[in-house]
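Here are the chains, one letter per residue:
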Amino acid sequence: MEKIIEALKEEAILARKRSIKSLFNSGADRIDLFTAEHGSFKIDYSKQNISSQGWSLLLDYYYKSKIDHKIHALFSGKPVNVTENRPALHFALRAPKDVRSLPKHSSIVADVHDELEAMALIVRKIRKRKWRGYSGKAITNIVSLGVGGSELGPLLVCDALQEIGSSIGDSIKLHFVSSMDGTQISQLLEVLDPERTLFIISSKSFTTVDTFYNVNTALKWLTSYSGSIELAKNHHFIGVSASQEKMEAWGIRKENQLIFWNWVGGRFSLWSTIGLPIAIKYGMDVFYELLEGGYEMDFHFKNSTPESCLPTVLALISFWNSSFLEISANAVLPYDGRLKLLPNYLSQLEMESNGKAVSVNGTEVRFKTSPIIWGELGPNAQHAFYQLLHQGTQDVSCDFISTVKRYHNGARPDVEADFLYQQQSLSLANCFAQSSVLAFGDIFAEKEEINPHKRYRGNQPSTTLLIEELTPRILGSLIALYEHKTYVLSCLWDINPFDQWGVELGKSISEEALRAIHEPNYRNKFDDSTKWLLTQVSDWSSKDDTNK
Ligand SMILES: O=P(O)(O)OC[C@H]1O[C@](O)(CO)[C@@H](O)[C@@H]1O
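These figures come from a predicted structure and were not determined experimentally.

J.: Give me the lowdown on the overall build of the protein chain, citing residues and values where you can.
T.: Scanning the protein chain for helices and strands turns up 21 helices and 11 strands. Overall, the protein chain is about 75 × 60 × 55 Å in size when its C-alpha atoms are taken along their principal axes. With 548 residues in all, the protein chain has 43% of them scored as buried. By sequence separation, contacts in the protein chain at least 24 residues apart represent 73% of the contacts at least 6 residues apart.

Following this line, the structure appears as structure tokens:
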């Protein structure tokens, strides 16, 4: 193992000195070596700064680290979440009813399907406009209250599937509220009709303060119209959580409760009842298609060799860039407006999972782990931060993502269909042009007389993921692809991707800070900077009071 790591380090020294262009001139068939495909996906990673020698070393590392055993441990329900001593079974959420592949957890798939059926009942009632508010009027607006994994997945999918046509349309509107500062909820409450508004409390723990401050505001608002907390709770709140007891204690009516399980990590939960907003918006059939797509990717992941396994290929590239080339930024750049929320979603998935410095056995990780993942729609980012990618001093690895078939073959009857088709070609052309310029720079790069302000240095590595077209099934596969990439990365780094202790301390200190805003004596607990900030709040607030 040590030998492979040393060889990879040597390889990285060479890589830092060479250009990506030189790899293309070396005579090797990079397209043959560095492209992969499966189903509706094709990946070109030839523009990464990796040689064939480096790639074989990465594969050696994969085999020596026994990643296949770790994948087997995941799928056989071993407690891979070691710090919480539980399995991570999110893949079971998308398994067809007849699958019996989890010996130790034999009833899980049946439980999952029972809960999907409970969800289907709720979905049908809402979509058929039979869900009535406290005054008997049908619900027309649904507000999902949740944050992090309890929001980002459903939000991504609801947004991405907008063109598929079977949505509930405008008869029922769906809104998402997550921010604790009240901006979203206050703006919504100004325009919503309390008699026709239904809230979904989406929270695995059913304790997250961000969500519950929004819940309290919503409940207060509803009660002020209904005149009764009970009426408000019974007719206007659905709970989705892994804690039935907490839903019970809050007062969610039994038939308004949907559960999922502690073995589903929050950021892996969109396949569970947390996906309720997706099912409400597009119907259960679409939700099942999404699950099928996820399941197909699970099958590919379990049954392919690492060289041909898309999640593994993406993981090995990320491992190489972060841990050996020490490229600490990864931009996710979709060239399809329907995937505009994918960068946000992946930021949580990868950074909350793999933003760790301690290995499974508690010792310090020997590599740099997750890069900073951020992004934006590629075409818009071209006019925002691409300047830094092209001419800045930072190395950034880019993931270009583009859908190929869109507005094609009369897929749209509109008069503007031809123009939309041209827009799609324009978007693809931009995607390919950007990755080419980033890798190879300007064609005059070797000539010294060129104006230095106009030079493109090139050598910025990228991977391009081409998606045949965007359907619910393919979207499901796409999301599962990134879940598995995240898992393989965690195995390469030997860390637990399924806990998130790093966010816990911040949560408890916020409670102290909240107390200190109102109680000056309590501020002494804090450092001078924080004390000063807390004092400014009361200074400005007291000026407000004296001006009244
Ligand atoms: O679903 P919950 O329990 O409200 O948690 C929301 C989010 O908070 C976190 O626990 C930490 O931010 C995420 O992992 C999770 O998705």
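What follows continues from the structure just given.
J.: Account for the site of the ligand, with residues named and values stated.
T.: Near the ligand, the surroundings consist of 14 residues, among which Gly148, Gly149, Ser205, Thr208 and Gly266 are the closest. Split by residue class, the shell around the ligand holds 2 nonpolar, 9 polar and 3 charged.

J.: Could you give an account of the nonpolar core, with specific residues and numbers?
T.: If you look at the biggest cluster of nonpolar residues, it comprises 136 residues, and the most contacted ones within it are Val157 and Leu475. Top element by residues in this core is helix 19 (residues 472-493). It accounts for 13 residues. When residues are assigned to domains, this core turns out to be shared by domain 1 (2-64 + 304-444 + 455-499) and domain 2 (99-287), each giving three or more.

J.: Tell me about the packing of helix 5 (residues 67-75) against helix 19, residues and numbers included.
T.: The geometry of helix 5 relative to helix 19 is characterised by a closest axis approach of 10 Å and an angle of 125° between their N-to-C directions. Looking at the two axes, helix 5 sits oblique to helix 19. Considering only the axes of helix 5 and helix 19, their crossing is right-handed. Each of Ile67, Lys70 and Leu74 in helix 5 lies in contact with helix 19, whose residues at this interface are Tyr487, Val488, Cys491 and Leu492.

J.: Any chance you could break down the environment of Ile43 for me, citing the residues and the numbers?
T.: Mapped onto the secondary structure, Ile43 falls in strand 2 (residues 41-44). Taking the number of C-beta atoms within 10 Å as the measure of exposure, Ile43 has 20 and is therefore buried. Along the sequence, Ile43 and Ser228 sit 185 residues apart, while their C-alpha atoms lie 56 Å from each other. Ignoring sequence-local partners within four residues, the contact set of Ile43 consists of Thr35, Ala36, Glu37, Leu310, Val313, Thr463 and Leu465.

J.: Before we move on, could you go through the pairing of strand 9 (residues 372-375) and cite the residues and values that matter?
T.: On strand 9, burial follows the alternation: Ile373 and Gly375 on one face are buried, whereas Ile372 and Trp374 on the facing-out side are not. As paired strands, strand 8 (residues 329-334) and strand 9 are joined by 4 bridges and run parallel to one another. The residue bridging Ala331 from the neighbouring strand is Trp374, located in strand 9. Taken together, strand 8, helix 15 (residues 342-354) and strand 9 constitute a β-α-β crossover, and its handedness is right-handed.

J.: I'd love a proper account of the UniProt feature "active site" (unreviewed entry) in the protein chain, names of residues and values included.
T.: Within this numbering scheme, the UniProt entry marks Glu352, His383 and Lys507 as carrying the feature "active site" (unreviewed entry). Over a stretch of 156 residues, the named residues are scattered through the fold, their C-alpha atoms separated by up to 36.3 Å. By secondary structure assignment, the location of Glu352 is in helix 15. By the secondary structure assignment, Lys507 is in helix 20 (residues 504-518). Overall, the presence of 12 C-beta atoms within 10 Å leaves Lys507 in the exposed class.

J.: Tell me what's going on with the domain arrangement of the protein chain, and back it up with residues and numbers.
T.: Taken domain by domain, the protein chain comprises domain 1 (2-64 + 304-444 + 455-499), domain 2 (99-287) and domain 3 (504-547). Taken residue by residue, the interface counts 16 residues in domain 1 and 17 residues in domain 2. Breaking the side of domain 1 that touches domain 2 down by element, the ones donating at least two residues are helix 15 and helix 19. Considering each element in turn, the side of domain 1 that touches domain 2 owes the most residues, 7 residues, to helix 15. Residue composition of the side of domain 1 that touches domain 2, by class: 9 nonpolar, 3 polar and 4 charged.

J.: Describe the sheet that holds strand 7 (residues 257-259), naming the residues involved and giving the relevant values.
T.: Strand pairing in a sheet takes place through backbone hydrogen bonds and is either antiparallel or parallel in direction. Across the sheet, which stays open at both edges, the 5 strands sit in the order 4-3-5-6-7 with parallel pairing between neighbours. Looking at strand neighbours, the two that pair on one side only are strand 4 (173-177) and strand 7, the edges of this open sheet. Here the average twist between neighbouring strands, direction ignored, is 20°. In this sheet, strand 4 lies alongside strand 3 (residues 141-145) in parallel orientation, the contact comprising 5 bridges. Residue Ile142 lies in a different strand from strand 4, and its bridge partner there is Leu174.

J.: Explain the packing of helix 7 (residues 152-160) against helix 15 to me, using residue names and the numbers behind them.
T.: Between two packed helices, what matters for the description is the angle formed by their axes and the separation of those axes. At a closest axis distance of 9 Å, the pairing of helix 7 and helix 15 adopts a crossing angle of 155°. On the basis of the axis angle, helix 7 is roughly antiparallel to helix 15. Both helix 7 and helix 15 take part in a crossing whose hand is left-handed. Of the residues in helix 15, those touching helix 7 at Leu152, Gly153 and Leu156 are Leu342, Asn344, Tyr345 and Gln348. Its residues assigned to classes, the contact of helix 7 with helix 15 comprises 4 nonpolar, 3 polar and no charged.

J.: Please provide a residue-by-residue account of the sheet that holds strand 8, values included.
T.: A sheet is described by the order of its strands in space; here 6 strands give the open sequence 1-2-11-10-8-9, paired in mixed fashion. Of all the strands in the sheet, the pair left with one neighbour each is strand 1 (35-38) and strand 9. Shown here is a sheet whose adjacent strand axes are inclined to one another by a mean of 15°, direction ignored.

J.: Any chance you could break down helix 18 (residues 417-440) for me, citing the residues and the numbers?
T.: An α-helix turns once every 3.6 residues. As a result, residues three or four positions apart point the same way. For helix 18, which comprises 24 residues, the first-to-last C-alpha distance of 35 Å matches the rise-based estimate of 34 Å (1.5 Å per residue) to within 8%. Every buried residue belonging to helix 18 is among Cys431, Gln434, Ser435, Leu438 and Ala439, and all of these are buried. Buried residues along helix 18 sit against helix 2 (20-24), helix 16 (378-382), helix 17 (386-391), strand 10 (396-403) and strand 11 (462-467). Immediately beyond the C-terminal end of helix 18, within one or two residues, lies Gly441, with a positive phi of roughly 70°.

Rules of the game
Residues numbered from 1 in each chain as written. Predicted model: local features only at pLDDT ≥ 70, side-chain atom pairs only at ≥ 80, totals over all residues. Helix = DSSP H or I, 4+ residues; strand = E, 2+ residues; numbered from the N terminus. Buried ≥ 20, exposed ≤ 12 C-beta atoms within 10 Å, placed from the backbone. Contact = placed C-beta atoms within 7 Å. Near = placed C-beta within 6 Å. Nonpolar A, V, L, I, M, F, W, Y, C, P; charged D, E, K, R; others polar. Core = buried A, V, L, I, M, F, W, Y, C linked by C-beta atoms within 7 Å. Domains from an automatic or database assignment. Axes fitted to C-alpha atoms, helices over the stretch in contact; angles between N-to-C directions. Parallel < 35°, antiparallel > 145°, perpendicular 65-115°, else oblique. Left-handed = near helix turned anticlockwise from the far one by under 90°. Pairing = 2+ DSSP bridges. Right-handed = clockwise from strand over helix to strand, strands pointing away. UniProt positions renumbered as here; feature names shortened; annotations may be inferred. Expected span 1.5 Å × (residues − 1).

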